[in-house]
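Listed below are the residues making up each chain.
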Amino acid sequence: MTFEHPTGNKPKKVIIVGCGPSRADYLDLLASADPQSIDRDEVWGVNGAYNFAPNIDLVFMMDDYAQINEKIPILQDIFETATVPIITSVARKECPTAVDYPLAGVMMMNPKRGDYLNHTCAYMMAYAALIGVEELIVFGCDYIDPGAQYANGNSYIRRMEPFRYMACTAYWAGICEARGMDIIITPNSPLLDADYLPEDRLYGYLIKPAIHQG
């Protein structure tokens, strides 16, 4: 099964910019450097990152346009007016730059759990593995906010949603690494415990063992 990457490139080093708290690290990076000087082949944005990151090459918006039309104006506007390709669940005629996500290819790549995809960041990780990205630098793919207020009566299910999102993203990061990809998480993100100091890792060990990894 073949899939043509919609930018026409074959990116090996990609930056992902999500809308979670650690997106601030990417904005700080942009403030301190010319966006074009940042070492990467492409920058992929999640949904509204298209509006706040000035050098997005590709947007992932896995919500169906038919579902958000007239309900989420910000996303509707991106779908209808974006000047870069959008990868989405179903490319609707109202979205001139949209293309379908290669779901069949992703599921064939991981037959046992290819349908474990509950968040756009996870879809992006899986897609990166599918097209052969070699290095993925990740900002803003952390959606846990201790101070967040949840609708639906603060129900348990609602409160668990961000944890489910990050768990799914972490799972696909592991799939990517198992396939030889380098995953670099911005150090202020809880994804893969990137915000832990080395001495805080290895739960259960009061004295950290000295293990030399070759």
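A brief look at the structure comes next. These figures come from a predicted structure and were not determined experimentally.

Parameters and conventions
- Residues numbered from 1 in each chain as written.
- Predicted model: local features only at pLDDT ≥ 70, side-chain atom pairs only at ≥ 80, totals over all residues.
- Heavy atoms only, no water.
- Helix = DSSP H or I, 4+ residues; strand = E, 2+ residues; numbered from the N terminus.
- Expected span 1.5 Å × (residues − 1).
- Buried < 20%, exposed > 50% of the residue type's maximum accessible area, 1.4 Å probe, protein only.
- Pairing = 2+ DSSP bridges.
- Patch = residues over 30% accessible without salt bridge, like charges linked within 9 Å, V, L, I, M, F, W, Y side chains within 5 Å.
- Areas by Shrake-Rupley, 256 points an atom, 1.4 Å probe, with all protein chains shown as cover.
- Salt bridge = Lys/Arg side-chain N within 4 Å of Asp/Glu carboxyl O.
- Lys, Arg positive; Asp, Glu negative; His and termini not counted.
- Charge placed at Lys NZ, Arg CZ, Asp CG, Glu CD.

1. Quick look at helix α6 (residues 120-131)
Point 1. With twelve residues, α6 extends 17 Å between its outermost C-alpha atoms, agreeing within 8% with the 16 Å of an ideal straight helix rising 1.5 Å per residue.
Point 2. Summarising burial for α6: ten of the twelve residues are buried, a large majority.
Point 3. What α6 keeps buried is the set Thr120, Cys121, Ala122, Tyr123, Met124, Met125, Ala126, Tyr127, Ala128 and Ala129.
Point 4. At the exit of α6 stands Gly132, carrying a positive phi of roughly 85 degrees.

2. Concerning the pairing of strand β3 (residues 58-61)
In regular strands, side chains alternate between the two faces of the sheet.
Point 1. Every second residue of β3 is oriented toward a common face, with Leu58 and Phe60 on one face and Val59 and Met61 on the other, all of them buried.
Point 2. Examined bridge by bridge, strand β2 (residues 42-46) and β3 share three bridges and lie parallel to one another. Its bridge partner being in β3, Gly45 is matched across the sheet by Val59.
Point 3. Sheet analysis places β3 next to strand β4 (residues 86-88), joined by three bridges and oriented parallel. By the bridge assignment for β4, Val59 is matched with Ile86.

3. Some words on a negative patch on the surface
Point 1. A surface patch of negative charge is lined by Asp41, Glu134, Glu177 and Asp182.
Point 2. Within the secondary structure, Glu177 is located in helix α8 (residues 156-178).
Point 3. Residue Glu177 is classed as partly exposed on the basis of its relative accessible area, which comes to 42%.

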